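Per-entry structural report
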Amino acid sequence: MSTRRKWVIALNVIAILIASLSYAMHRTAIFHTKAAGPAVEMQLVPLPTAVDAGCAPSCVITNRAALGITH
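In what follows, the accompanying structure is described. In this text the structure is predicted, and so the values were computed from the model without any measurement.

Some points on the overall build of the protein
- Regarding its fold elements, the protein presents two helices and zero strands.
- Across the 71 residues that make up the protein, the buried fraction comes to 3%.
- Working note: accessible area of the protein is about 6800 Å², and carbon and sulfur atoms make up 67% of it.

Thoughts on a nonpolar patch on the surface
- A contiguous nonpolar patch, built from M1, I9, V13 and L17 and spanning about 410 Å² of accessible area, is present on the exposed surface.
- Mapped onto the elements, M1 comes out in the segment before α1 (3-32).

Scoring rules and cut-offs
- Residues numbered from 1 in each chain as written.
- Predicted model: local features only at pLDDT ≥ 70, side-chain atom pairs only at ≥ 80, totals over all residues.
- Heavy atoms only, no water.
- Helix = DSSP H or I, 4+ residues; strand = E, 2+ residues; numbered from the N terminus.
- Buried < 20%, exposed > 50% of the residue type's maximum accessible area, 1.4 Å probe, protein only.
- Areas by Shrake-Rupley, 256 points an atom, 1.4 Å probe, with all protein chains shown as cover.
- Patch = residues over 30% accessible without salt bridge, like charges linked within 9 Å, V, L, I, M, F, W, Y side chains within 5 Å.
- Salt bridge = Lys/Arg side-chain N within 4 Å of Asp/Glu carboxyl O.

The analysis is restricted to geometry; functional conclusions fall outside its scope.
What follows is the structure, given as structure tokens:
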């Protein structure tokens with residue numbers, strides 16, 4: 001086998017290694033990036049204040065204090 005052919009094979013092997021490493025880095029970078037914005041905290045709480053106020057079917061709660069949540 002000629003020296004030139006050995007160099008071509010060696011360079012092809014190196015190119016394949018670089019390509020596979022860059023693809024692996026690309027795949028791990030996808031998992032580390034966030035696909036969506038920050039998580040939104042949602043709570044289901046009973047509405048005793050709306051029932052006590054007498055407007056249960058049509059009340060619009062606009063703040064946390066109306067729900068009885070202080071923190």
